[in-house]
Amino acid sequence: MGCHVSQVQRITVLGATGSIGLSTLDVIARHPDRYQVFALSGYSRIDELLALCVRHRPAFAVVPSADGAVRLREGLNAAGCATEVLEGEAGLCQVAGAPEVDAVMAAIVGAAGLRPTLAAVEAGKKVLLANKEALVMSGALFMEAVRRSGAVLLPIDSEHNAIFQCMPGDYSRGLGAVGVRRILLTASGGPFRQTPAAELMDVTPEQACAHPNWSMGRKISVDSASMMNKGLELIEACWLFDAAPQNVEVVVHPQSVIHSLVDYIDGSVLAQLGNPDMRTPIANALAWPERIDSGVAPLDLFSVARLDFQAPDEQRFPCLRLARQAAEAGNSAPAVLNAANEVAVEAFLERRIRFPEIAGMIERVLDQEPVVPVATLDAVFAADQRARELSREWLRRHGR
Ligand code: NAD
Ligand code: MG
């Protein structure tokens, strides 16, 4: 019997003021013996970031601009908090790759998270990946960097964390080699699962953001409503588990209790179940390969009572089809899909376009933009920029 001395892990939380960031800090605060916050980042919510710094006492906090830094430093001084304030993308990359850091929660939303997440990967950290857009944009480069650096990549997306838990430990040998036939990626169907196509013209951002099962940031909420979220997750699953797009099937499961499944060649199908609360995958990844309390209530199967499954409707939700096409085309296509989607979602949230136009605009941009190889990060960002320009052109042409 040995005495196990566990070392306190130092964690950087990128996107600390967001939905995933706050859930991460909730789990961390339950285990002060295991985790200590090294750095936090925020974007527009400086006052919230200040409160988090006072509570968690990180060595560093990162904000986007000099204005925010001045405001945050004033607040920190007044509160007697010694946190040092850094600025911009350089600050994010610094706290992601700092030698003192053990694990990085990558929870910035969208393409803005790519460079900081890659900085964590390149420094060989344990990387808890919520920022799926980063992997979608740069999949091949991202996974190559993981292999080169020896970073440990752990999925936070509930579906991918479920798949990870249902896979054998040596799944990196390839799905065929470990007897996996298919990945079954579950989708709640979002708030418009039952909304007739004709009514989708008039849905509002508020309706799109009112998810039946999950409380999330606004961008991913709109993605869930359009099912682009499942499309991005399909691409994410292909990279994480080295799967071909045709080996990933989307299954609509409105209760969001099964978080995804793995179908083996002997007919066994393994699933991971739990209440829809992101603290479960967060705790799973933080403590992996151990298990810790997440604060999530035990699953009550009697109150769940039933589990339903449906095929996705790609007529009403064309984003899923567009994402599958981008996954098959590979190269720059996923980055173009992602960038067009980011512009479209923002325009929808600002009430400049209608909900079905999100897919219309992305399809037009994908048609216009040739698929090219993306061997460098610069090439990825160039494709991202061209797609954003084409998207803005679409908006201008349509008078928005
Ligand atoms: P959110 O909008 O609640 O939070 C986003 C965070 O990113 C905030 O902390 C914000 O300060 C920061 N941020 C925004 N724009 C930035 C920029 N330009 N530069 C630097 N920082 C910026 O979003 P969320 O729901 O927490 O989602 C975060 C990521 O996790 C997304 O990629 C999302 O797809 C993924 N994810 C979220 C959930 C969920 O349940 N919320 C589930 C699975 C995956
Ligand atoms: Mg998900």
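In what follows, the accompanying structure is described. Position labels on residues start from 1 in each chain and follow its written sequence. Each chain takes a letter, starting from A, and each ligand takes a number, starting from 1, following the order in which they are written. Two thresholds apply to this predicted model, a pLDDT of at least 70 for residue-level local features and 80 or more for giving and counting side-chain atom pairs, whereas whole-chain, interface and lining totals are computed over all residues. The side-chain quantities take in all heavy atoms of the structure and omit both hydrogens and water.

1. Description of the site of ligand 1
We call a residue near a molecule or strand as soon as one heavy atom of that residue lies within 4 Å of the molecule or strand. Among the 21 residues in the neighbourhood of ligand 1, the closest are listed as Thr-17, Ser-19, Ile-20, Glu-133 and Gly-217. Pairing of N or O atoms within 3.5 Å defines a polar contact, subject to two protein rules: one partner must be a possible hydrogen donor and the other a possible acceptor, and residues neighboring in sequence count only if both atoms are side-chain atoms. Here Ser-19 contributes a backbone N or O atom positioned 2.9 Å from an oxygen atom of ligand 1. Separating an oxygen atom of ligand 1 from a backbone N or O atom of Tyr-43 is a distance of 3.0 Å. For the area figures, the Shrake-Rupley method with a 1.4 Å probe applies, and any residue is considered shielded solely by the protein chains shown. In the complex, 88% of the free accessible area of ligand 1, which totals 830 Å², lies under the protein chains. Ten residue types, Ala, Val, Leu, Ile, Met, Phe, Trp, Tyr, Cys and Pro, are classed as nonpolar, four, Asp, Glu, Lys and Arg, as charged, and the remainder, Gly among them, as polar. The residue makeup of the shell around ligand 1, split by class, is eleven nonpolar, seven polar and three charged.

2. What to know about empty space enclosed by the protein
Residues are said to line a cavity or pocket when one of their atoms sits within 4 Å of a point; the points come from a 1 Å grid over protein atoms alone, cavities being sets where a 1.4 Å probe fits but cannot get out and pockets being open sets with protein on both sides within 12 Å along at least five of seven lines. Grid points are joined across faces, edges and corners, and a volume is the space filled by probe spheres set on the points. Scanning the model with the defined rule gives one cavity of 30 Å³ or more in all. In this model, the largest cavity occupies a volume close to 40 Å³. In terms of lining, the largest cavity is formed by Ser-158, Trp-214, His-259, Gln-272, Asn-275, Asp-277, Thr-280 and Pro-281.

3. A few points about the packing of aromatic side chains
Each Phe, Tyr or Trp ring, with Trp reduced to its six-membered ring, pairs with another whose centre is within 6.5 Å; inter-plane angles below 30 degrees give stacked pairs, above 60 give edge-to-face pairs, and intermediate values give tilted ones. With the rule as written, the count across this model stands at six aromatic pairs. Seen in terms of ring centroids, Phe-164 and Tyr-171 are 6.1 Å apart; in terms of plane orientation they differ by 90°. Their pairing is edge-to-face. Exposure class is identical for Phe-164 and Tyr-171. Each is buried. Members of the aromatic cluster, connected to one another through ring pairs, are Phe-164, Tyr-171, Phe-241 and Trp-288. In this analysis the charged atom, NZ for Lys or CZ for Arg, is taken to sit over a ring once it is within 6 Å of the ring centre and within 35 degrees of the ring normal. The cationic tip of Arg-115 hangs over the ring face of Phe-381; the distance from NZ or CZ to the ring centre is 4.0 Å. Throughout this description, buried means an accessible area under 20% of the type-specific maximum (1.4 Å probe, protein chains only), exposed means over 50%, and partly exposed covers the range between.

4. Quick look at helix α2 (residues 46-56)
In DSSP terms, a helix is any run of H or I states spanning at least four residues, a strand is any run of E spanning at least two, and both are numbered starting from the N terminus. Listed in full, the buried residues belonging to α2 are Ile-46, Leu-49, Leu-52, Cys-53 and His-56. One side of α2 holds all its buried residues, which, seen down the axis, span an arc of 115°. Relative to its buried face, α2 has exposed residues pointing more than 90 degrees away, namely Asp-47 and Arg-55. Positioned one or two residues after α2, Arg-57 has a phi angle of 50°, which is positive. Summarising the geometry, the arc corresponds to the directions from the helix axis toward the C-beta atoms.

5. Points about the layout of surface pockets
Taken as a whole, the second largest pocket holds about 860 Å³ of empty space. Contributions of two or more residues to the lining of the second largest pocket are made by α6 (132-149), β7 (152-155) and α10 (228-241). Per-element accounting of the lining of the second largest pocket gives the leading share, nine residues, to α6. Residues of the lining of the second largest pocket, tallied by class, amount to 26 nonpolar, six polar and two charged.

6. Looking at unusual backbone geometry
The residue after Trp-288, namely Pro-289, is reached through a cis peptide bond having omega 5°. Looking at the secondary structure, you find Pro-289 in the loop between α11 (279-287) and α12 (301-304). Positioned with a positive phi, Ala-305 is a non-glycine residue whose angle comes to about 65°. The exposed category is assigned to Ala-305, whose relative accessible area is 65%. Positive phi values are uncommon outside glycine, yet Arg-351 reaches one of about 65°. Within the element layout of this structure, Arg-351 appears in the loop between α14 (333-349) and α15 (355-368). When its relative accessible area of 52% is taken as the criterion, Arg-351 is described as exposed.

7. A look at the nonpolar core
Only buried Ala, Val, Leu, Ile, Met, Phe, Trp, Tyr and Cys residues count toward a nonpolar core, and they belong to the same one when joined by side-chain atoms within 4.5 Å. The biggest cluster of nonpolar side chains holds 135 residues, and the ones touching the most others in it are Phe-142, Phe-241, Leu-337 and Ile-362. In this structure, Ile-362 is in contact with Met-228, Cys-319, Leu-322, Leu-337, Ala-340, Asn-341 and Ala-344, ignoring residues within four places of it in sequence. Working rule for contacts: check all heavy atoms of both residues, and any pair within 4.5 Å makes them a contact.

8. Focus on the sheet that holds strand β6 (residues 126-129)
By way of backbone hydrogen bonds, the strands of a sheet pair with one another, either parallel or antiparallel. By this definition, two strands are paired if DSSP reports at least two bridges between them. As summarised here, the arrangement of the seven strands in space is β4-β3-β2-β1-β5-β6-β7, forming an open sheet in which the pairing is parallel. Each end of this open sheet is capped by a strand with a single partner; those strands are β4 (84-87) and β7. For this sheet, the mean inter-axis angle between neighbouring strands, taken without regard to orientation, is 25°. With four bridges joining them, strand β5 (residues 103-106) and β6 adopt parallel strand pairing. Directly across from Ala-103, in β6, lies its bridge partner Lys-126. In this description, a line fitted to the C-alpha atoms serves as the axis of each element, helices being fitted only across the stretch in contact, and the angle between N-to-C directions of two axes falls anywhere from 0 to 180 degrees. Sitting on the sheet, helix α5 (residues 114-122) is in contact with β1 (9-14), β5 and β6, with an inclination near 150° to β6.

9. Topic: the sheet that holds strand β9 (residues 248-252)
Read across the open sheet, the four strands follow the order β9-β8-β10-β11; overall the sheet is mixed. Each having just a single partner strand, β9 and β11 (269-273) make up the two edges of the open sheet. Shown here is a sheet whose adjacent strand axes are inclined to one another by a mean of 20°, direction ignored. Inspection of the sheet shows strand β8 (residues 180-187) paired to strand β10 (residues 258-264) by four bridges, in the antiparallel sense. Looking at β10, one finds that Arg-182 is bridged to Asp-263. The strands touched by α10 within the sheet are β8 and β9, with β8 carrying the most contacts at an inclination of about 150°.

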